[in-house]
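# Commentary on secondary and tertiary structure
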Amino acid sequence: MATGVAPAPLPHVRVRDGGIGFTRSVDFAKILSVPATLRVGSSRGRVLVAKSSSTGSDTMELEPSSEGSPLLVPRQKYCESIYETRRRKTRTVMVGNVPLGSDHPIRIQTMTTSDTKDVAKTVEEVMRIADKGADFVRITVQGRKEADACFEIKNTLVQKNYNIPLVADIHFAPTVALRVAECFDKIRVNPGNFADRRAQFEQLEYTEDDYQKELEHIEKVFSPLVEKCKQYGRAMRIGTNHGSLSDRIMSYYGDSPRGMVESALEFARICRKLDFHNFVFSMKASNPVIMVQAYRLLVAEMYNLGWDYPLHLGVTEAGEGEDGRMKSAIGIGTLLMDGLGDTIRVSLTEPPEEEIDPCRRLANLGTHAADLQIGVAPFEEKHRRYFDFQRRSGQLPLQKEGEEVDYRGVLHRDGSVLMSVSLDQLKAPELLYRSLAAKLVVGMPFKDLATVDSILLRELPPVEDAQARLALKRLVDISMGVLTPLSEQLTKPLPHAIALVNVDELSSGAHKLLPEGTRLAVTLRGDESYEQLDLLKGVDDITMLLHSVPYGEEKTGRVHAARRLFEYLETNGLNFPVIHHIEFPKSVNRDDLVIGAGANVGALLVDGLGDGVLLEAADQEFEFLRDTSFNLLQGCRMRNTKTIAIMGCIVNGPGEMADADFGYVGGAPGKIDLYVGKTVVQRGIAMEGATDALIQLIKDHGRWVDPPVEE
């Protein structure tokens, strides 16, 4: 029997020399026992932890945070169910006269972009946003002049019969927060810079006493705002940003999701100490994978602590157009599929009212999933890593002795893009090659950085159609896979094609009618019986699996069915690559397609589950589907086909530069600082010249590419 003391949230528990060691002690709990099976680096190790008297948290299991890691983390739930969408139960927080929480609709919000001191322009912007149907509007309040303007903004809106709740966005300015709390309905504070200075990315050393003194300083600075919000009946958002963690937090917890959570919990404990509970949390990052991990860790801690505060979901600086919608759909949609999230913002570099429509589409997606409780039959999940990204990479195709063509390129190691091709497209081979993003040399195709890896051809051209067959042969010759249904391959075989079979065809043995050695792709729903899935064990030549649930199915959750499939594969030691296949209905809205793909496929890829994507939509442009597929992979931190990233944000801070090559960040009022990575290279550039300076900076580093000239 081993005993010890650990903090109930247990962020830092380590195995040392066969015993248990701890780096911090706050709310104490007893370590009851260490099973003999516990070994550093063993993912099966467990430590049982007794109920904490101070937090009321339940017994927890610990396991190594990753293979070989001495750091133990709780194996704990982060959502109501992993096999169906159930909305997490939260308390109701009042934002003005609008209730927020699980008993209410998912609230939609955005943020103004005008100068807050320009009252007329800001009021006009708020009215446009309200007319589009937003529930809240956030306004940045940098200083005293902006705070004074907020009173005029509020009064003018009331006079115009606009009572939409207003949220003040506060960074670095506790006195400004106190002032605007007398006017606005909700105050957003950033724990990374409300009481701490802007991060300088310095590694600091803290003793326990030093750290406690810092916490006391935070309480002294933050408590007056909490009391003011209590007095005026205001709401608060404790909004952590990955890009603006303090040096203190990063030195102690690292630039990590864990640091984001701990930063927010410090402020939440002060609120609770002062008996203030009208607040929500957010854990925003520009990297959807980091964002998802941070929210999961936060909710896991709240389950531990018995807390029920609502969540504001968002991806920082998502971008514009399909790119921005995709990144938001990946991050926000992933959490909505797990029943998490009570208010959302889709952050786009577009006019703020343009954010409302994609925001509503995402909210509708999450609401629909939770109302129907989409999912699959209960199953036990043992292999998925909820809190730290570890990709499950399927075995890429290997070349077999005697094969006449190279199959190794039909899938890509960093994530594959498959596209559905029609017979009509084969009539113009060069146009087809271009649409697949292949390079052309004297009319012959060659693969490039963002060339489609394989194609699905639902109908093969007649054997006598020499031109179409030659076009396909040239694709096969550059190691592009050609998938076609079993029936097509049996009746008009295409040399070296990959036959697409379903479970019924596997069960009947129909695939055995193919020539020996023919490669197979198996399409699965993921909710088949285990006896049906066992058929995979006895079939040679499976090159990939296509996970596909018909789009119109009301109750079967695509995300949950895929999780069940991956759990089966891992349990049975099957390492087939899995391609996520969605066939959208005709006339699908373009934004719905992007958001649906991001939420349903992104929710799996952010957990490292999947090796590629195949999106079909009969009436959408081929190039749009191709670009959306590559955007999805890049948004999930898999295959990078866009090689430069620029982060621009006035308030979030340079920490977000971890996710960008170049940065454009607010410094002094009206001034911009430019960064390369996390390093500032130019300070105090006037805003009107900052864009040109950024372009020149990119050119100086040899990264600028002029747009291609149309032929």
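In short, a report on the structure. (Residues numbered from 1 in each chain as written. Predicted model: local features only at pLDDT ≥ 70, side-chain atom pairs only at ≥ 80, totals over all residues. Heavy atoms only, no water.)

## Some details on helix H9 (residues 356-372)
Inclusion rule: Secondary structure counts use DSSP, requiring at least four H or I residues in a row for a helix and at least two E residues in a row for a strand, with both numbered from the N terminus. Helices are assigned an expected span. That span is 1.5 Å times one less than the residue count. Burial here depends on accessible area, computed with a 1.4 Å probe over protein chains only, as a share of the maximum for the residue type. Under 20% is buried, over 50% is exposed, and the range in between is partly exposed. Whether two residues are in contact is decided by their heavy atoms: any pair within 4.5 Å suffices.
In this model H9 runs 24 Å from its N-terminal to its C-terminal C-alpha over 17 residues, within 8% of the 24 Å that 1.5 Å per residue would give. Taken together, the buried positions of H9 are occupied by Ile356, Pro358, Cys359, Leu362, Ala363, Gly366, Ala369 and Ala370. Buried residues along H9 sit in contact with strand S10 (107-111), helix H1 (119-131), helix H8 (321-337), strand S17 (343-345) and helix H16 (590-605). Of the residues flanking the end of H9, it is Gln373, one or two places downstream, whose phi is positive at about 50°.

## Details of the sheet that holds strand S15 (residues 279-284)
As a reminder, the rule being used: Only when DSSP finds a minimum of two bridges between them are two strands counted as paired. What counts as an axis is a line fitted to C-alpha atoms, over the stretch in contact for a helix, and the angles between N-to-C directions run from 0 to 180 degrees.
If you trace the eight strands from one edge of the open sheet to the other, you get S15-S14-S13-S12-S11-S10-S17-S16, paired in parallel fashion. Edge positions in the sheet fall to S15 and strand S16 (312-314), since each has one partner strand and no second. Between one strand and the next, the sheet's axes are offset by a mean angle of 25°, whatever the strand orientation. Note: S16 against S17, three bridges, orientation parallel. Each residue of the ladder has a partner; that of His312, found in S17, is Thr343.

## Thoughts on the nonpolar core
Rules: For the purposes of this section, nonpolar cores are sets of buried Ala, Val, Leu, Ile, Met, Phe, Trp, Tyr and Cys residues that join through side-chain atoms within 4.5 Å.
Residues Ile187, Phe222, Leu225, Met236 and Phe281 are the most contacted members of the largest nonpolar core, which totals 158 residues. If one sorts the elements of this core by residue count, helix H7 (residues 288-305) sits on top with twelve residues. Beyond its immediate chain neighbours, meaning those up to four positions away, Met236 contacts Lys186, Ile187, Val189, Phe222, Leu225, Val226, Cys229, Cys271, Phe276, Asn278, Phe279 and Val280. By size, the runner-up hydrophobic cluster in this structure holds 30 residues, among which are Val522, Leu545, Val559 and Leu609.

## Things to note about the pattern of salt bridges
Cut-off, in case you're wondering: Take a side-chain nitrogen of Lys or Arg and a carboxyl oxygen of Asp or Glu: if they are within 4 Å of each other, that pair is a salt bridge.
Enumeration over the complete set of coordinates arrives at 49 salt bridges. Asp148 is the partner of Arg144 in a salt bridge, and the nearest nitrogen-oxygen pair spans 4.0 Å. With Arg144 and Asp148 both in helix H2 (residues 144-159) and four residues apart, the pair spans about one turn of that helix. Taking relative accessible area as the criterion, Arg144 reaches 52% and is therefore assigned exposed.

## Details of the pairing of strand S22 (residues 481-485)
Spelled out, the test is: A right-handed crossover is one whose linking path, passing over the helix from the first strand to the second, runs clockwise when the strands point away from the viewer.
For S22, the buried fraction is high: five of the five residues fall into the buried class. Side-chain alternation along S22 places Gly481, Leu483 and Pro485 on one buried face and Val482 and Thr484 on a second face that is also buried. Handedness of the crossover is the feature at issue here: the chain leaves strand S21 (residues 454-457), passes through helix H11 (residues 466-477), returns alongside S22, and the resulting connection is right-handed. In the sheet, S22 pairs with strand S23 (residues 498-501) via three bridges, with the strands oriented parallel. Paired with Pro485 across the bridge in S23 is Leu500. With respect to chirality, the unit in which S22 leads through helix H12 (residues 486-491) into the neighbouring parallel S23 is right-handed.

## Side note on the packing of aromatic side chains
Stated precisely, the cut-off is as follows: Pairing of aromatic rings covers Phe, Tyr and Trp, the last counted by its six-membered ring, and requires centre-to-centre distances within 6.5 Å; plane angles under 30 degrees mean stacked, over 60 mean edge-to-face, and any other angle means tilted. When the NZ atom of lysine or the CZ atom of arginine is within 6 Å of a ring's centre and also within 35 degrees of its normal, the charge is said to sit over that ring.
Counting across every chain of the model gives eleven aromatic pairs. Taken together, a centroid distance of 6.4 Å and an interplanar angle of 25° make the contact between Phe276 and Phe279 stacked. Relative accessible area serves as the criterion here: at 4%, Phe276 is assigned to the buried category. According to the relative accessible area criterion, Phe279 is buried, its value standing at 0%. The ring centre of Phe624 lies 3.9 Å from the NZ or CZ of Arg590, which sits over that ring.

## Thoughts on the sheet that holds S21
Read once around its circumference, the closed barrel built from eight strands follows the order S18-S21-S22-S23-S24-S25-S26-S27, with strand pairing classed as parallel. For this sheet, the mean inter-axis angle between neighbouring strands, taken without regard to orientation, is 25°. Examined bridge by bridge, S21 and S22 share three bridges and lie parallel to one another. Bridging from a neighbouring strand, Ser454 pairs with Gly481 of S22. Along the sheet, helix H15 (residues 558-571) contacts strand S24 (520-524), strand S25 (542-547) and strand S26 (578-584); its crossing angle with S26, the most-contacted strand, is approximately 160°.

By themselves, these are just geometric observations and shouldn't be taken as functional.
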